[in-house]
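For reference, the chains in residue letters:
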Amino acid sequence: SWDSVSHENGQIANLPIALCEVQGYVFDAWNKAAMLAEALGQINRSSALKTRAEELKQKFTKDFWSARKSTFFLALAEEKKPCNVVSSNAGHCLFSGIATPEQAKMVAQSLLSDEMFSGWGIRTLSSREIRYNPMSYHNGSVWPHDNALIAMGFAKYGLKDEVAKVTGALFDASLFTEGQRLPELFCGFQRKPRVAFTNYPVACSPQAWSVATVFMII
């Protein structure tokens, strides 16, 4: 959405924008391509792809890490200005494996803080950020598929308790939906006892990403 990438002061980021999770997707793609090349007997190409992926990881670790917030920048925007806000995007960097083990633990702690974890799942944006709005499409809502990717990232780094917390929250949310069918997203209001999550009025249901969430959790 138009306001989904912002700076710490609330200003909307200007193009070009390099999102943190996309760096991870590229890293993962190069590593997987290296596996394919090796299986096809293209050893030199496989080695080159592995080197390229490792160089990206080292650069990413240096350029995208927010020491002050102990998480990855949401993005580098125009003139490579960091978007230093706490977002769920950082969790995808665990899914792709581009985070170091130390970074993964800190990102997980950030994502499961009271500011990010609503009780029904991880919000897209921290409640401490200026643009936070629990009813916003990308700035405070909870997306099941987003949480499933993050949970798989936690699992890759051996963070079992964190996996259980996220998957348990999604399962609990499913109990309040018809046929336990998770919607595209729902609002990021804090969970209250014996009260269902707040629906996002125009969320798609069924929605392919959310259907896939169940299989990723399993």
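Note that the structure is a prediction, hence the values are computed from the model and not measured.

Conventions adopted
Think of each chain on its own: its residues are numbered from 1, step by step along the sequence as written. With pLDDT at 70 or above as the cut-off, local features in this predicted model cover only qualifying residues; side-chain atom pairs require 80 or more to be listed or tallied, and sums for whole chains, interfaces and linings still use all residues. Side-chain measures here rest on the full set of heavy atoms in the structure, leaving out hydrogens and waters. Helix and strand definitions here come from DSSP, where helices need a minimum of 4 consecutive H or I residues and strands a minimum of 2 consecutive E residues; each element is numbered from the N-terminal end. Radius of gyration means the value over C-alpha atoms here, while the globule rule gives 2.2 Å times the residue count to the 0.38 power. Each residue is assigned to one of three classes by its accessible area relative to the maximum for its type, calculated with a 1.4 Å probe on protein chains only: buried under 20%, partly exposed between the two thresholds, exposed over 50%. When checking whether two residues touch, look at their non-hydrogen atoms; a contact exists if any pair is within 4.5 Å. A 1.4 Å probe and the Shrake-Rupley method give the accessible areas. Residues count as covered only by the protein chains that appear here. Two rings belonging to Phe, Tyr or Trp (six-membered ring only in the last case) form a pair when the distance between their centres is within 6.5 Å. Interplanar angles under 30 degrees mark stacking, angles over 60 mark edge-to-face geometry, and anything in between is tilted. Each ring is checked for a lysine NZ or an arginine CZ that lies within 6 Å of its centre and within 35 degrees of its normal; such an atom marks a charge sitting over the ring. The definition of a nonpolar core used throughout is a set of buried Ala, Val, Leu, Ile, Met, Phe, Trp, Tyr and Cys residues joined through side-chain atoms within 4.5 Å. Multiply 1.5 Å by the residue count of a helix minus one, and that product is the helix's expected span. One requirement defines pairing of two strands: DSSP has to find at least two bridges between them.

A. Main features of the overall build of the protein chain. Secondary structure assignment for the protein chain yields seven helices and five strands. Shown N-terminal to C-terminal, the secondary structure of the protein chain runs as helices and strands in the order β-α-α-β-β-β-β-α-α-α-α-α. In terms of overall dimensions, the protein chain is globule-like: its C-alpha atoms have a radius of gyration of 18 Å, near the 17 Å expected for 218 residues. Per-residue burial over the protein chain gives 48% buried out of 218 residues. For the protein chain, restricting intrachain contacts to residue pairs at least 6 apart in sequence, the fraction spanning at least 24 positions comes to 61%. Surface accessibility of the protein chain: about 11,300 Å² in total, with carbon and sulfur atoms responsible for 57%.

B. Geometry of the side chain of T177. When you line up the elements, T177 lands in the loop between α6 (160–174) and α7 (208–217). A residue is classified by how much of its surface remains accessible, and T177, at 16% relative accessible area, is buried. Other than its neighbours up to four places away in sequence, T177 contacts L182, P183 and F197.

C. Quick look at the packing of aromatic side chains. Counted by the stated rule, this structure contains nine aromatic pairs. A ring pair is formed by Y137 and W143, whose centres lie 4.9 Å apart and whose planes are at 75°; its orientation type is edge-to-face. Residue classification places Y137 among the partly exposed positions, given a relative accessible area of 29%. A relative accessible area of 4% places W143 in the buried class. Among the aromatic residues, those joined into a cluster by ring pairs are F60, F64, W65 and F72. Directly above the ring of F95 sits K156, whose terminal nitrogen or CZ lies 5.1 Å from the centroid.

D. The arrangement of the nonpolar core in detail. Within the largest apolar cluster, 32 residues are counted, with the highest numbers of intra-cluster contacts made by F72, I122 and F154. Those elements that provide at least two residues to this core are α1 (20–39), α2 (43–63), α3 (92–95), α4 (101–111), α5 (144–156) and α6. Excluding its chain neighbours within four sequence positions, the residues that come into contact with F154 are L94, A108, L111, L112, I122, L159, E162, V163 and V166. Membership of the second largest hydrophobic core comes to eight residues, among which are A13, L74, A77 and L125.

E. View of α1. An ideal rise of 1.5 Å per residue puts 28 Å on 20 residues; α1 measures up with 30 Å between its terminal C-alpha atoms. Buried within α1 are the following residues: C20, E21, Q23, G24, F27, D28, A34 and A37. Where α1 is buried, its residues contact β1 (18–19), α2, β3 (71–72), β4 (75–76) and α3. Two residues or fewer past α1, G41 is found with a positive phi of approximately 80°.

F. How the structure looks around the sheet that holds β1. Spatially, three strands are ordered β1-β4-β5 in an open sheet, and the strand pairing comes out antiparallel. Each edge of the sheet is formed by a strand with only one pairing partner; in this case those strands are β1 and β5 (82–83). With two bridges joining them, β1 and β4 adopt antiparallel strand pairing. Residue L19 lies in a different strand from β4, and its bridge partner there is A75.

Structural measurements only, silent on function.
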